Amino acid sequence: MTSSSLLQTLRGWIVSHTFAGIAVLLAVASCFAVPPDGEYLDYIDYRTIVALTCMLTAIAALERVHVFTIAAEHLVTRLRSRRSLITGLVLLTGIGSMAISNDMALLTFLPIAARALKITGDERYLAYVFTLQAAAANLGGMIMPFGNPQNIFIYQTYEMSFGEFVSTMALPFSVALVVLTVMALSVRSSRVVPLPPATTGDRTRTLLYGLGFALAVLVAVRVLPVWVGLAVVALLILSDVAIAAGIDYGLLITFVSFFIITGNIARIDAISTTVTSMVEGNTLIAAVLASQVISNVPSAILLSGFTENWRELLVGVNVGGVGTLIASLANLIALRQFQVHSSHGMGRFLVLFLAVNLGLLILLTALMWVVWS
């Protein structure tokens, strides 16, 4: 690889991992306030990092054999009306995010939606469908401890049971599911041309990587010890070294950076006291608002150091994924995918996106505020 191509690759990586770059800069800045010492080793939650790495590796492995795309395409072929097609695409994205995270769900299902709408002559619905899919990706994954990256972290950090996690998220998840389904069903229906499957896979590797994914889930929910996660990562990469290139290192860097930031803030008494007073008693609102400004994954890590109220933190950073474009990386993925698949209508998409997302944010936040008041 030439120096120019290397620089181009590096520039592309930095552009696509803006959050990670900002997180690193903030972490470095915090090191000037609290010079590195032995306590830095205690900042990082290694169990979370291993569990997250294991999940990301297993997802990258399954993506290598196109398992999510194949499954989605075969399901979409059975949807014979515009209404069922759009509803199916939205629900598929929500269900997919439960298992493979909101980011990967959008990267998988948005191109399928674009292709389906183009084949059926319904491209005018692209902005609406992409908006609902982005919301479904953010809100669908909140029901599972491994559904969103922030969930893995909170589940590991606060050590609640699986039942406690699901029961806490059941109400906002159910309401979000109903609202998104009603919005998808609101389109005028007509018969459409079935979408033909276009992707094939490797059955043997699919079974192998499926086993790796199952083990990753068991590590994430603390059924298996964390060392199993390291073994899964090693075995999957040894089976196909190209899997390593598909891992979301930007997300891992973001986690480590915010562990450092949070650890340093906790050692600055004036800031720590101020943040604690702002978060305690207002954890839900603090998590929702912080997510709109710095995204929900960093918000989860940052605020966890200043509150024991994991229920409000958990709901806040998940509900907070909808709202502004930067509330979740998934929102930026939806924006970029719309730019790729549509040559016009960006203004309409942004207005529609903000209207739907802010509406959902206000509805779900108000609901949980009333329930817990």
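For clarity, every value in this text was computed on a predicted model and none was experimentally measured.

(A) Region of the structure containing the environment of Ala 58. Along the chain, the position of Ala 58 falls in helix H3 (residues 46-64). Once the C-alpha coordinates of Ala 58 and Leu 215 are considered, the two residues, 157 residues apart in sequence, prove to be 8.9 Å apart. If near-sequence neighbours (up to four positions away) are discounted, Ala 58 is found in contact with Gly 212, Phe 213, Ala 216 and Leu 236.

(B) Quick look at helix H9 (residues 162-185). Between the first and last C-alpha of H9 there are 32 Å, a value that for 24 residues agrees with the 34 Å anticipated at 1.5 Å per step. Buried-residue contacts for H9 involve helix H5 (82-100), helix H7 (126-140), helix H8 (149-158), helix H16 (310-319) and helix H18 (346-372).

(C) Here's a closer look at a nonpolar patch on the surface. Where nonpolar side chains cluster on the molecular surface, the patch consists of Val 24, Val 28, Phe 32, Tyr 249 and Ile 253 and spans about 460 Å² of accessible area. At the level of secondary structure, the elements contributing two or more residues to the nonpolar patch comprise helix H2 (18-33) and helix H12 (249-266). Per-element accounting of the nonpolar patch gives the leading share, three residues, to H2. If you trace the backbone, Val 28 turns up in helix H2. Looking at Val 28, the relative accessible area reads 43%, which means it is partly exposed.

(D) Up close: the pattern of salt bridges. Counted according to the given criterion, the structure contains seven salt bridges. Here Arg 267 and Asp 37 are joined by a salt bridge, their closest N and O atoms 2.6 Å apart. Placement of the pair is Arg 267 in the loop between H12 and helix H13 (269-279) and Asp 37 in the loop between H2 and H3, with a sequence separation of 230 residues. Accessibility expressed as a relative area gives 30% for Arg 267, which makes it partly exposed. One salt bridge connects Arg 124 with Asp 122, and the closest N-O pair in it is separated by 3.6 Å. Taking relative accessible area as the criterion, Asp 122 reaches 2% and is therefore assigned buried. Connected through salt bridges with shared partners, the residues Asp 37, Glu 39 and Arg 267 form a single ionic network.

Analysis parameters
- Residues numbered from 1 in each chain as written.
- Predicted model: local features only at pLDDT ≥ 70, side-chain atom pairs only at ≥ 80, totals over all residues.
- Heavy atoms only, no water.
- Helix = DSSP H or I, 4+ residues; strand = E, 2+ residues; numbered from the N terminus.
- Contact = heavy atoms within 4.5 Å.
- Expected span 1.5 Å × (residues − 1).
- Patch = residues over 30% accessible without salt bridge, like charges linked within 9 Å, V, L, I, M, F, W, Y side chains within 5 Å.
- Areas by Shrake-Rupley, 256 points an atom, 1.4 Å probe, with all protein chains shown as cover.
- Salt bridge = Lys/Arg side-chain N within 4 Å of Asp/Glu carboxyl O.
- Buried < 20%, exposed > 50% of the residue type's maximum accessible area, 1.4 Å probe, protein only.

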